[in-house]
Amino acid sequence: TQLLEQSPQFLSIQEGENLTVYCNSSSVFSSLQWYRQEPGEGPVLLVTVVTGGEVKKLKRLTFQFGDARKDSSLHITAAQPGDTGLYLCAGAEGSQGNLIFGKGTKLSVKP
Amino acid sequence: DAGITQSPRYKITETGRQVTLMCHQTWSHSYMFWYRQDLGHGLRLIYYSAAADITDKGEVPDGYVVSRSKTENFPLTLESATRSQTSVYFCASSESKASGNTIYFGEGSWLTVV
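Treat the numbers as computed from the prediction; the structure is a model and nothing was measured.

(A) Highlighting the overall build of chain A. When its secondary structure is counted, chain A shows zero helices and 11 strands. Here chain A has a C-alpha radius of gyration of 13 Å; the compact-globule value for 111 residues is 13 Å, and the two agree. Taking all 111 residues of chain A together, 44% fall into the buried category. Here the contacts in chain A between residues at least 6 apart in sequence split such that 53% fall between residues at least 24 apart. Just so you have it, chain A exposes about 5,300 Å², and 50% of that area is on carbon and sulfur atoms.

Put into structure tokens, the structure is as follows:
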């Protein structure tokens, strides 16, 4: 079974700071997704990356898929309190495989 | 647009009781999933379904039963609830299982087994 390790597990920062969250595996994934989950709600998809080395930007969020498709990172520039939440990465096992989720990074951005 | 809805949102039950969590989606998505989310474990797949009358086990299926008589509904039953099944349960759906496809989650059902 492929495993996805996320780090850090918890992150508490001040508004305006930058941060990076990492998602690592020893296995290759056909695609990797990042979700954000707010308290009391289900996860919501932020982005999907499928090509090794791919970089995608979503406003202040930058997502990168590693060249070998084993890891990914999420960078947030000038974090805001609205970015607070649980960030989950999820990798697909093969072209039709089930999604494997990391345990998540709980981000708290204080005003 | 109702999307995907779960009921009940909150449930407390006793050990040994049967509990059914309901899930309904309005998108006519082929695939539906049940996950549980626990501290220290993240989201784990319990069961999934590719279409009506087609279901398959996920990572942690023991103690759970699913059915899918209609495309839009995917109930999850705990036949004899145990304390270890205290968790937050999420139903989800997607158009396909192809890599990179979007999965849409419900708001979750909080289950406590006492």
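(B) Structural context of the sheet that holds strand 8 (residues 71-76) of chain A. Residue and element names in this part refer to chain A. If you trace the five strands from one edge of the open sheet to the other, you get 1-3-8-7-6, paired in antiparallel fashion. The open sheet is flanked by strand 1 (5-7) and strand 6 (55-58), the only strands paired with a single partner. Strand-to-strand twist in this sheet, taken as the mean axis angle between neighbours without regard to direction, amounts to 15 degrees. Summarising the sheet, strand 7 (residues 61-65) and strand 8 pair through five bridges and their orientation is antiparallel. Looking across to strand 8, one finds that Q64 is bridged to S73.

(C) Broad picture of the pattern of salt bridges. All names here are of chain B. In total, this model carries seven salt bridges over all chains according to the counting rule given. Between R36 and D38 there is a salt bridge, with the nearest N and O atoms lying 2.8 Å from each other. Neither residue differs from the other here; R36 and D38 are each classed as buried.

(D) Broad picture of the packing of aromatic side chains. This model, assessed by the stated rule, comprises 14 aromatic pairs over all chains. By the ring-pair criterion, three or more aromatic residues cluster together here, those being A:Y35, A:F101, B:Y10, B:Y31, B:F33, B:Y35, B:Y48, B:F90, B:F105 and B:W110.

(E) Spatial organisation of the pairing of strand 5 (residues 42-51) of chain B. Residue and element names in this part refer to chain B. Burial analysis of strand 5 places eight of its 10 residues in the buried class, the great majority of the element. Sheet topology places strand 4 (residues 31-38) next to strand 5; seven bridges connect them, and they run antiparallel. Its bridge partner lying in strand 5, Q37 is registered against L43. Once strand 4 ends, the chain turns through three residues before running back antiparallel as strand 5, passing G40 with a positive phi of about 85 degrees. The pairing of strand 5 with strand 6 (residues 54-57) spans four bridges and is classified as antiparallel. Opposite Y47, over in strand 6, you have K57 as the bridge partner. Taken together, strand 5 and the strand that follows it, strand 6, pair antiparallel across an intervening segment of two residues, in which D53 is found at a positive phi of about 70 degrees.

(F) Representation of the interface of chain A and chain B. Across the contact, 23 residues belong to chain A and 21 residues belong to chain B. Roughly 1,600 Å² of surface becomes buried between chain A and chain B when both sides are summed, with 51% attributable to carbon and sulfur atoms. The three residues of chain A that bury the most area against chain B are A:Q96, A:N98 and A:F101, which together make up 29% of that side's buried surface. For the interface between chain A and chain B, the tally reads zero salt bridges. For the pair chain A and chain B, the number of links is four residue pairs in polar contact (both at pLDDT 80 or more). Breaking the side of chain A that touches chain B down by element, the ones donating at least two residues are strand 4 (32-37), strand 5 (44-49), strand 9 (85-92) and strand 10 (99-101) of chain A.

What counts, and where the lines are drawn
Just so you know, the residues in each chain are numbered from 1, in the order the chain's sequence is written. Numbering of ligands from 1 and lettering of chains from A proceed in the order in which they are written. Local features in this predicted model are restricted to residues of pLDDT 70 or higher, and side-chain atom pairs are both shown and tallied only at a pLDDT of 80 or more, whereas totals for entire chains, interfaces and linings draw on every residue. Hydrogens and water are ignored here; the side-chain numbers use all heavy atoms of the structure. Starting at the N terminus, helices and strands are each numbered in turn, a helix being any DSSP run of H or I of at least four residues and a strand any DSSP run of E of at least two. As defined in this context, the radius of gyration uses C-alpha atoms, and a globule is described by 2.2 Å times the residue total to the power 0.38. Between buried and exposed lies partly exposed: a residue is buried under 20% and exposed over 50% of the maximum accessible area for its type, with that area taken using a 1.4 Å probe on protein chains only. Note on contacts: a residue pair qualifies if any of its non-hydrogen atoms lie within 4.5 Å across the two residues. Methods summary: accessible areas were calculated by the Shrake-Rupley approach with a probe of 1.4 Å, and residue burial reflects only the protein chains presented. Between any two strands, at least two bridges found by DSSP are needed for them to pair. Lines fitted to C-alpha atoms define the axes here, with helix axes fitted over just the stretch in contact, and angles between the N-to-C directions of these axes take values from 0 to 180 degrees. Within this document, salt bridges are pairs made up of a side-chain nitrogen of Lys or Arg and a carboxyl oxygen of Asp or Glu, the two lying within 4 Å of each other. Geometry of aromatic contacts follows a simple scheme: Phe, Tyr and Trp rings, the Trp one being its six-membered ring, pair when their centres are within 6.5 Å, and the pair is stacked under 30 degrees between planes, edge-to-face over 60, tilted otherwise. Take the accessible area each of two parts loses on contact, using a 1.4 Å probe, and add the two losses: that sum is the buried area. Polar contact is the term for a pair of N or O atoms within 3.5 Å; when the atoms are in protein, one must be able to donate a hydrogen and the other to accept it, and sequence-neighboring residues count only if both atoms are side-chain atoms.

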